[in-house]
Amino acid sequence: MDVYGIIGNPVEHSLSPPMHQAAFDELGIDATFVTFEAEEDRIEDAFRGAEALGIDGLTVTLPFKHDAFEFVEPTKSVRRVGAVNTIDFTDDGPVGYNTDMTGTLSAFEHHDVALDGTSAVVVGAGGAARALAFGFEEAGADVAVVNRTESKAHDLADEVPRASGHGLDELPDLMADADVVANATSVGLESDESVAPADAWHGDCVAFDAVYKPLETRFLADAAAAGAQTIDGAWMLLFQGVDAFEMWTGEDAPVDVMNEALRSHL
Ligand code: NAP
């Protein structure tokens with residue numbers, strides 16, 4: 001039996017096990033997907049141990065996405081974003097991917113939203129914002145990074161080609177001209193708040209929220225009320241898993257089955 005897992009701390013509420021197990025079961029792959037809660041001061045031992053034990057693949061979540069960088073052969077997405085969320089243990093050693101970035105792009109493709117030539121606003125400058133900003137840029141968008149701590153928006157924008165950095169006070173003006181507005185802050189997580197003013201939305205844009213608890217955040221509800229197309233955060237979670245699954249198994253992922261398994265656990 002092949003063994004895959006998610007490594008993080010905490011991981012007990014992770015949605016990756018039911019999502020991946022449903023995919024293995026659907027395709028008749030003899031594999032199991034388990035959780036590994038590693039101690040922060042033993043993370044290198046944990047990665048080496050996983051390799052030594054013959055584990056086939058890992059999803060890496062907080063707080064280890066940066067630690068994993070030292071341990072893998074980085075692919076382009078990892079070199080750009082500076083974080084690893086997927087490890088494939090190959091015969092040539094562990095290879096690291098950032099499927100938060102590639103998965104977000106797959107989620108936009110799935111919704112028939114083309115990013116090439118668009119103006120995209122990314123609110124936030126943390127881990128999720130990095131994946132979105134580099135991903136949108138790679139897909140051909142001009143990116144405006146907006147953050148509460150403005151200096152962090154400038155720091156991220158300096159790394160991303162064609163990107164600009166801004167404080168939150170500029171968000172309404174930037175939204176007025178935006179084709180895509182993405183929330184990559186934790187605002188709205190289990191609360192009814194939005195980082196974007198309700199009256200700044202217009203119908204001619206796509207709203208994406210990385211937050212997926214609740215699925216319909218205040219950010220997305222306000223966007224929808226203005227007539228904007230919305231994409232919820234579970235699509236990012238789904239497609240980072242889809243990309244990982246396809247990397248690990250070489251099979252086309254059963255996207256609908258994974259989506260159903262994921263949403264039934266939200
Ligand atoms: P992070 O690295 O801690 O970054 C948090 C960001 O939120 C920072 O930019 C921070 O601004 C901003 N922020 C926090 N509180 C704020 C407030 N009250 N007003 C304005 N901005 C505020 O977190 P992360 O890992 O990027 O995660 C961000 C969100 O994305 C989380 O809710 C996470 O669950 C979600 N996420 C979802 C997926 C998915 O697959 N859907 C993947 C990754 C993350 P400052 O710099 O000013 O502190």
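Preceding this paragraph is the structure being described.
This structure is a prediction, so every number in the text was calculated from the model and none was measured.

Novice: Sorry, what's going on with the packing of helix α4 (residues 99-110) against helix α5 (residues 127-138) here?
Specialist: To characterise two packed helices, one gives the angle between the axes of the helices and the distance between these axes. In contact at an axis separation of 8 Å, α4 and α5 are set at 55 degrees when each is read in the N-to-C sense. When the interaxial angle is binned, α4 and α5 end up oblique. The interaxial crossing formed by α4 with α5 has right-handed handedness. Residues D100, M101, T104, L105 and F108 of α4 form the contact with α5, whose participating residues are A131, L132, F134, G135, F136 and E138.

Novice: What am I meant to see in the site of the ligand here?
Specialist: Around the ligand sit 19 residues in total, of which A128, N147, R148, T149 and A210 are the nearest. Within the contact set of the ligand, an oxygen atom lies 3.1 Å away from a backbone nitrogen or oxygen of G127. Here an oxygen atom of the ligand and a backbone polar atom of L237 are 3.4 Å apart. Its free accessible area being 930 Å², the ligand has 73% of it covered by the protein chains.

Novice: Teacher, can you tell me more about the pairing of strand β9 (residues 163-167) here?
Specialist: Residues in a regular strand point their side chains to alternate faces of the sheet. Both strand β8 (residues 142-147) and β9 contribute to a ladder of five bridges, which runs parallel. The residue bridging V146 from the neighbouring strand is H166, located in β9. This β-α-β element, β8 to helix α6 (residues 150-159) to β9, shows right-handed connectivity.

Novice: Explain the sheet that holds strand β1 (residues 2-8) to me, please; I cannot follow it from the model alone.
Specialist: Adjacent strands of a sheet pair through backbone hydrogen bonds, lying either parallel or antiparallel. Taken in spatial order, the six strands line up as β2-β1-β3-β5-β6-β4 in an open sheet, and their pairing is mixed. Each of the sheet's edge strands pairs with one partner strand only, and the pair in question is β2 (31-37) and β4 (73-74). Two elements, strand β3 (residues 57-60) and strand β5 (residues 86-90), share three bridges in a ladder whose sense is antiparallel. Each bridged residue has a counterpart across the sheet, and for G57 the counterpart in β5 is D88.

Novice: Which parts of the structure should I look at to understand the sheet that holds strand β10 (residues 180-183)?
Specialist: Spatially, six strands are ordered β9-β8-β7-β10-β11-β12 in an open sheet, and the strand pairing comes out parallel. The sheet is open, and its two edges are formed by β9 and β12 (229-231), each paired on a single side. The average angle at which neighbouring strand axes cross in this sheet is 20 degrees, direction not considered.

Novice: Can you help me understand the pairing of β1 in this one?
Specialist: Burial within β1 is extensive, with five of its seven residues counted as buried. Bridge count for β1 against β2 is seven bridges, and the pairing is parallel. Paired with V3 across the two strands is T32, which belongs to β2. Of the crossover connections in this fold, the one passing from β1 over helix α1 (residues 16-27) to the parallel β2 is right-handed. Judged from the four bridges that link them, β1 and β3 form a sheet pairing that is parallel. Among the inter-strand pairings, Y4 is bridged to a residue of β3, identified as G57.

Analysis parameters
Residues numbered from 1 in each chain as written. Predicted model: local features only at pLDDT ≥ 70, side-chain atom pairs only at ≥ 80, totals over all residues. Heavy atoms only, no water. Axes fitted to C-alpha atoms, helices over the stretch in contact; angles between N-to-C directions. Helix = DSSP H or I, 4+ residues; strand = E, 2+ residues; numbered from the N terminus. Parallel < 35°, antiparallel > 145°, perpendicular 65-115°, else oblique. Left-handed = near helix turned anticlockwise from the far one by under 90°. Contact = heavy atoms within 4.5 Å. Near = heavy atom within 4 Å. Polar contact = N/O pair within 3.5 Å; in protein donor to acceptor, adjacent residues only side chain to side chain. Areas by Shrake-Rupley, 256 points an atom, 1.4 Å probe, with all protein chains shown as cover. Pairing = 2+ DSSP bridges. Right-handed = clockwise from strand over helix to strand, strands pointing away. Buried < 20%, exposed > 50% of the residue type's maximum accessible area, 1.4 Å probe, protein only.

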